[in-house]
Structure formats: C-alpha cells, structure tokens
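Survey of secondary and tertiary structure
Listed below are the residues making up each chain.
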Amino acid sequence: MTLEQLFAESLGVAVDLVHDDLTYQSIPQWDSTAHMLLIARMEDEFGVMLDTDDIIDMSSVAKARQILAKYDVQC
Amino acid sequence: MTVSQTLDANWSQFHSNVAVISAEGERLTYQQLASETDAIFPPTERKELVLLVTDNSPASLIVYLAALRTGRAVMLQPATIAADRLDDLITCYQPDWLWKAGKLISLQSNVARGAPVHPELAVLLSTSGSTGSPKQVRLSYTNIHANARSIASYLQLTPHERPLAHLPMSYSYGLSVINSHLLVGATVLLTADSMMERRFWQFCREQQATSLSGVPYHYEMLERLRFQRMDLPALTTLTQAGGRLATDKVQAWAEWSRNNGKCFIPMYGQTEATARISYLPAEMVLEFPQCIGIAIPDGRLQLQDEDGAEITAADQPGELIYQGSNVMMGYASGRDDLMRGNETPALSTGDIACRNSRGLYYIVGRKKRFIKLFGVRTSLDEVEQRLRQQWAATNTLGVEHIACCGQDQQLCIAVAGKGIAADALQQSASQYLGVHPSVVQVKVLEELPVTEAGKINYVLLQSCFDSDDTPSRGAPL
C-alpha cells in the first residue's frame, strides 16, 4: 500500500486529494480522531512503533514520509 | 439562588489568583475576569438570550461568564457547527446576541422579539451535538452552581489546581471542568488544541497542568501517544467520563495511576444532570473497575422497576433514577419553551443498572436507544429519523428502508433497497453526522427484520452487525 492510499483510507478522502503538502487540520477530515486512526493504520501496515514525538510531529504527508524513513520504511 | 451566586460568589476572595491561562499565552486574574465580564453587555430590563459559538478562547469564556453574571441565558455551541445548523438555531430560538469568531453581534434588529425567558434559565446545551437537532437541555443557575460545587467537593479541588481544559466548552463535561474550577479559585488552562498536537503537550508541561479529562477515545489517544512514558510530575489527576471505558482499560489506568502516584477517577453523568451524576472513588477503582460508583455529593441514586417501585435488593436490575439540584429544568425545542420553569423533579437516565452489596452502582444495559460517539450521546431513534428524512428528500442512493442500531463508537445503519453503494452511504452518513467514517458501519440487507407487530426488530438487526466484524455488503437474512 502506498502512503497516499493509507492517508486516503484513514482520512476518508479521495486519493487524489492526498499530496505531500497536505497538512493536519487543513481539511476537516484530517482532525485529531482521524490522526489517531492514521497512526494506528501506519503502525499496522508498516510494522513500526511510533513514539510520542513522531505522532505529534506528523503534521503533513511529507513529514509522515520523512518520519517513516527513520524506521527504514520507504513509501 | 440569585444570579450573582452562580460561579462568582467568592471571586472577590480570589481576586489576584490567575483564573485563566490560554495556550496562546493570555492570562487573566479573577479580578480581571470580573471586570472584563462586566464590560460585555449593556444593561437591559428584559432577560436576553445569547448564542455563544465557543472556540475555547478566553474571549468566549468571558462572554459565557458575562451572560451568567448579568442574568442572561446562554446557549453554547461548538465552533465546528455547520452554518445552516447555526441558522436553524437562530430561527428556532431567536437569540438577542450572537458571539462567533471573536465578534459579538446584536440580533435584536433582525429578529422579532422572542417570547420571555424564565428568570432561572442560565444555560442551554445540546444533548446530541452532532445530529444537529434543535433540542436543548435547559439548565438553571442552581443547576450550574450545584454541580460545580459537588464536583469541587468529591475531586477535592483547591485554588492550586490547574486543569487542562481542552474539551469543548459547549460539551457538558468540558463546561463542568471549567465551572468547578472557577468556583474554587483555581487556574483553568484553556486550549482548543488536541492531544495530537505538539503545542498541547508543551502547554501541559510548561503550565504544569495538574489534571487531565477525557472521554474514552481520548484515553485511546493517550495510549497511542505513550502517555504513560511522558514525564509530567505536576499532573496528578486523570478523570474519565463521556461513555463507558472498557473494564480492562479502567483497570490498567488505575494500576498505572497507583504505581505512579496519580489518581484515576471514572465518572458517569448526563447533560440532563448538568454534567456529573456519579463517580468511582479512586481507591475503589482497582477493586470495582466495572462500576460507575456512588452518587456525587448532594445527589441521590435509586433503581426503579417497571412499575416505578424502588428496588433495594443487591444486584437486581432496574432503571437508574437520579435526583439532585443539578437535574435540568427540562428540554426545549424552541424559543417558547424558554419561559417554562422546572419540570424535572427526578431524572430517568434510561440506563439499566444494579447496586452491589457495597453500595456501588454498575450499568447493565440501556432502556432507551442511545449510543456514544466520541463522547457525545446520540439517540439512535433521532439519527434514524433524520436519515429517513434526508433520504426521503434526496434519494440518490436508492434507499427504501433504513434503521439504526449500534453501541458506543459504532453506529450501525442497515438499509434495504436496490443498487445501493454501501461505501457512498457510509461517507454520506458520516459527513451528515459530522463523525469519522470508521464509527459508521453500513449493511445492505434484502429486507429489515421486523417483529410480529411489524416494527423493526432491533435485537435481530444488531445481531446482523455483531456476527462479523468485516463490513459486509451481503444479505445475511
């Protein structure tokens, strides 16, 4: 699964709406609840265990990619 | 109870205490709070209604308190309210003032003068916020004061408390955190940030928050955020309300709290009781994690059988009935209802409960069809009715019959019809209700199960959803 697909499914939006510049709370669908679901999906899908800083710093799609790269997840 | 004795009875004593600190760095003492609130509204002879769209800013808190202190009634709504629903409320309740996004607007010229407002009416709150119903709970000055006093008493609040007030002010639990702390001269740390933001935790740490409140999904977030590994020495109290937290989770939080010198206090309540009805004393949580505990100070709980007779035997189920000075005046569905006085001597909670031999109450079921979505009590009947109206008006999805069932954090919608796309329906329903699609499950059935009397059989309907966890589009009937 691509990162874009994962975002689209977790936020409940169309995949073409997901791009690197999409930021937390810039669309109503990416609220704190969706953020939690997004994190849960990411941990399951990519087999990583994110820490507090990762979760609260994941403020955009680009940032998510960067954080996942720390855990050797290329997406 | 006079108007001047709501929350500010002792403010002259606290005058140099800091009342509010916001995440944006604003800071107000009780003295400043008093003088700011006095400057909001011009004097009036007639009792007015204020519609306050709160954003958890100090400015919106000031308007709320100004309304209380000047004897105006105030309706609280969240900043996320849709524009058309706000319009509906304005039409329905004819407020004299609207406060929104930092601006106070007089509506007196636009709106025909509404019917009189009862002198005791203080606050109007929504019960099922996200369904956009105009139904409101009418709370009096006595209700607000009594519940704040009870909470301050059982949580043993002192002026040294610094609660992180992050729940929306328009939500009864959020409002009760603010009210109970302003009553005792404590410092409310006010924020609109969520737990998922860095600034939330910076604010918590820098301002040395002493307590944190949350509904079950906040506790899920806290787990996800590895909260238990955070270093927050000032934070000593965790309260939980807004729906049932699973017993094993209650146990786990209680254990962690005990081992780390903190208090974890599960609480139970309803907006119809201003906020709180019962709490589980911290020292009993480990032994009785499944219980909602005992009535708050000055409140009384009892169980009634179907004929209204009191049940006194242990572990016998009956409807949970609450009495206390925090029980609402009644409901309102429009302006004309605001002139009505107190019509609710006792609150039938709709929950079926038992009392154990130690005098602690525990819930075993529900009489009425209510679920909680993200801590907001949602009437399944109301949602069902609204969805029916919606699809009757614009049936682009081919829905012929629709019914709702479910449990906390899971609204189940069963539909019958031809060529229905369950995904589209799920999206549409979650958008309409303003909740994340993950808590809305849609199933297409060939036909909805009915009882012999021809009514929808909700027990059977629910079993269609319980039988598997995967959102199936098949027809199990």
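Bear in mind the structure is a predicted one, so any value in this text is a computation, not a measurement.

For helix 6 (residues 198-206) of chain B, the set of buried residues is F200(B), W201(B), F203(B) and C204(B). When helix 6 of chain B is viewed along its axis, its buried side chains cluster within an angular range of 155° and face the same direction. Check the buried side of helix 6 of chain B and you find it contacts helix 3 (52-57) of chain A together with strand 1 (18-22), strand 9 (163-165), strand 10 (188-190), strand 11 (211-214) and helix 7 (216-224) of chain B. Directly after helix 6 of chain B, the chain includes Q208(B), whose backbone phi takes a positive value near 50°.

Attention shifts here to the nonpolar core. Of all hydrophobic cores here, the largest spans 159 residues; its most connected members are M42(A), Y64(B), V123(B), W201(B) and F227(B). Two domains each donate at least three residues to this core, and these are domain 1 (3-366) and domain 2 (370-467) of chain B. With residues up to four places along the chain from it excluded, the contact list for Y64(B) reads L7(B), L52(B), V74(B), L76(B), V123(B), I144(B), M169(B), L175(B) and N179(B).

So, about the interface of chain B and chain A. Facing the 18 residues of chain B at the interface are 21 residues of chain A. Between chain B and chain A, the buried area comes to about 1,700 Å², and carbon and sulfur atoms account for 58% of it. It is M196(B), R198(B) and R224(B) in chain B that bury the most area against chain A; as a group they hold 36% of the surface buried on that side. Taken together, the links from chain B to chain A amount to 4 salt bridges. A salt bridge links E43(A) to R226(B), with the shortest nitrogen-to-oxygen separation between them at 2.8 Å. Here chain B is connected to chain A by 8 residue pairs in polar contact (both at pLDDT 80 or more).

Let's shift gears to the environment of V450(B). Residues and elements named next belong to chain B. You can see V450 is positioned in the loop between strand 26 (440-445) and helix 11 (458-466). Placed 10 residues apart in sequence, V450 and L460 show a C-alpha to C-alpha distance of 8.4 Å. The contacts of V450, once residues within four sequence positions are left out, are K455, I456 and N457.

Quick look at the sheet that holds strand 24 (residues 399-407) of chain B now. Residue and element names in this part refer to chain B. Spatially, 24-25-26 is the arrangement adopted by the 3 strands of the open sheet, whose pairing is mixed. Looking at which strands have only one partner, the edges of the open sheet turn out to be strand 24 and strand 26. Adjacent strand axes in the sheet meet at a mean angle of 20°, parallel and antiparallel pairs treated alike. Here 6 bridges tie strand 25 (residues 410-417) to strand 26, and the two strands are oriented parallel to one another. Of the residues in strand 26, the one forming a bridge with C412 is Q441. Contacting strand 24, strand 25 and strand 26, helix 11 crosses the sheet at an angle of about 80° to strand 24.

All names here are of chain B. Assignment of secondary structure puts G214 in strand 11. In this structure G214 comes out as buried when scored by relative accessible area, which is 1%. Considered as a pair, G214 and A314 are 100 residues apart in the sequence and their alpha carbons are 31 Å apart. If sequence neighbours within four positions are ignored, G214 has contacts with Y173, Y219, T239, Q240 and A241.

Residue and element names in this part refer to chain B. Domain parsing of chain B yields domain 1 (3-366) and domain 2 (370-467). A separation of 30 Å is found between the C-alpha centroids of domain 1 and domain 2. With both sides pooled, the region where domain 1 packs onto domain 2 buries about 1,400 Å², and carbon together with sulfur makes up 45% of that total. The interface formed by domain 1 and domain 2 holds 0 salt bridges in total. At the boundary of domain 1 and domain 2, one finds 0 residue pairs in polar contact (both at pLDDT 80 or more). Each residue belonging to the side of domain 1 that touches domain 2 can be placed in one class, and the counts come to 5 nonpolar, 11 polar and 5 charged.

Residues and elements named next belong to chain B. Strand order in the open sheet formed by 9 strands is 2-1-10-9-11-12-13-14-15, and the pairing between neighbours is mixed. The sheet is open, and its two borders are formed by strand 2 (27-29) and strand 15 (294-295), each paired with just one other strand. In the sheet, strand 1 pairs with strand 2 via 3 bridges, with the strands oriented antiparallel. Residue pairing for strand 2: I21 is matched across the bridge by R27. Lying on the sheet, helix 6 is in contact with strand 1, strand 9, strand 10 and strand 11; it crosses strand 9 at an angle near 155°.

Residues and elements named next belong to chain B. Taken as a whole and assessed by the stated rule, the structure comprises 0 disulfides over all chains. Unpaired in this structure, C263 has its nearest cysteine sulfur neighbour in C204, at a distance of 16 Å. Overall, C263 belongs to the partly exposed group, its relative accessible area being 32%.

A few words on the confidence of the model for chain B. For chain B, mean pLDDT is 90; residues scoring 70 or higher make up 94% of the total. This model gives residues 469-477 of chain B a pLDDT under 50, and the stretch forms 18 contacts once residues within four places in sequence are excluded.

Moving on to unusual backbone geometry. One non-glycine residue with positive phi stands out, namely Q25(A), at about 65°. When you line up the elements, Q25(A) lands in the loop between helix 1 (3-11) and helix 2 (32-46). A positive phi angle is found at D298(B), which is not glycine, with a value near 70°. When you line up the elements, D298(B) lands in the loop between strand 15 and strand 16 (299-304).

A few words on the packing of aromatic side chains. Residue and element names in this part refer to chain B. Within this structure, the stated rule accounts for 16 aromatic pairs over all chains. Centre to centre, the rings of F41 and W97 are 5.5 Å apart; their planes meet at 65°, and the pair counts as edge-to-face. Of this pair, F41 sits in the loop between helix 1 (30-38) and strand 3 (49-54) while W97 sits in strand 5 (residues 97-100), and the two are 56 residues apart along the sequence. Residue W97 is classed as buried on the basis of its relative accessible area of 9%. With 5.7 Å between their ring centres and 75° between their planes, Y219 and F264 make a pair best called edge-to-face. One end of the pair, Y219, is in helix 7; the other, F264, is in strand 13 (residues 263-269), with 45 residues separating them in the sequence. We note that Y219, like F264, is buried. Site record: aromatic cluster; members linked through ring pairs are F200, W201, Y219, F227, W253, W256 and F264. One Lys or Arg, R276, reaches over the ring of Y173 and ends 5.0 Å from the middle of that ring. Sitting over the face of the ring of F465, K443 holds its NZ or CZ atom 5.6 Å from the ring centroid.

Parameters at a glance
Residues numbered from 1 in each chain as written. Chains lettered and ligands numbered in written order. Predicted model: local features only at pLDDT ≥ 70, side-chain atom pairs only at ≥ 80, totals over all residues. Heavy atoms only, no water. Buried < 20%, exposed > 50% of the residue type's maximum accessible area, 1.4 Å probe, protein only. Helix = DSSP H or I, 4+ residues; strand = E, 2+ residues; numbered from the N terminus. Arc of directions from axis to C-beta. Contact = heavy atoms within 4.5 Å. Core = buried A, V, L, I, M, F, W, Y, C linked by side-chain atoms within 4.5 Å. Domains from an automatic or database assignment. Buried area = accessible area lost by both parts, 1.4 Å probe. Salt bridge = Lys/Arg side-chain N within 4 Å of Asp/Glu carboxyl O. Polar contact = N/O pair within 3.5 Å; in protein donor to acceptor, adjacent residues only side chain to side chain. Pairing = 2+ DSSP bridges. Axes fitted to C-alpha atoms, helices over the stretch in contact; angles between N-to-C directions. Nonpolar A, V, L, I, M, F, W, Y, C, P; charged D, E, K, R; others polar. Disulfide = S-S within 2.5 Å. pLDDT = per-residue confidence, 0-100. Phe/Tyr/Trp six-rings, centres within 6.5 Å; stacked < 30°, edge-to-face > 60°. Lys NZ or Arg CZ within 6 Å of the ring centre and 35° of its normal.

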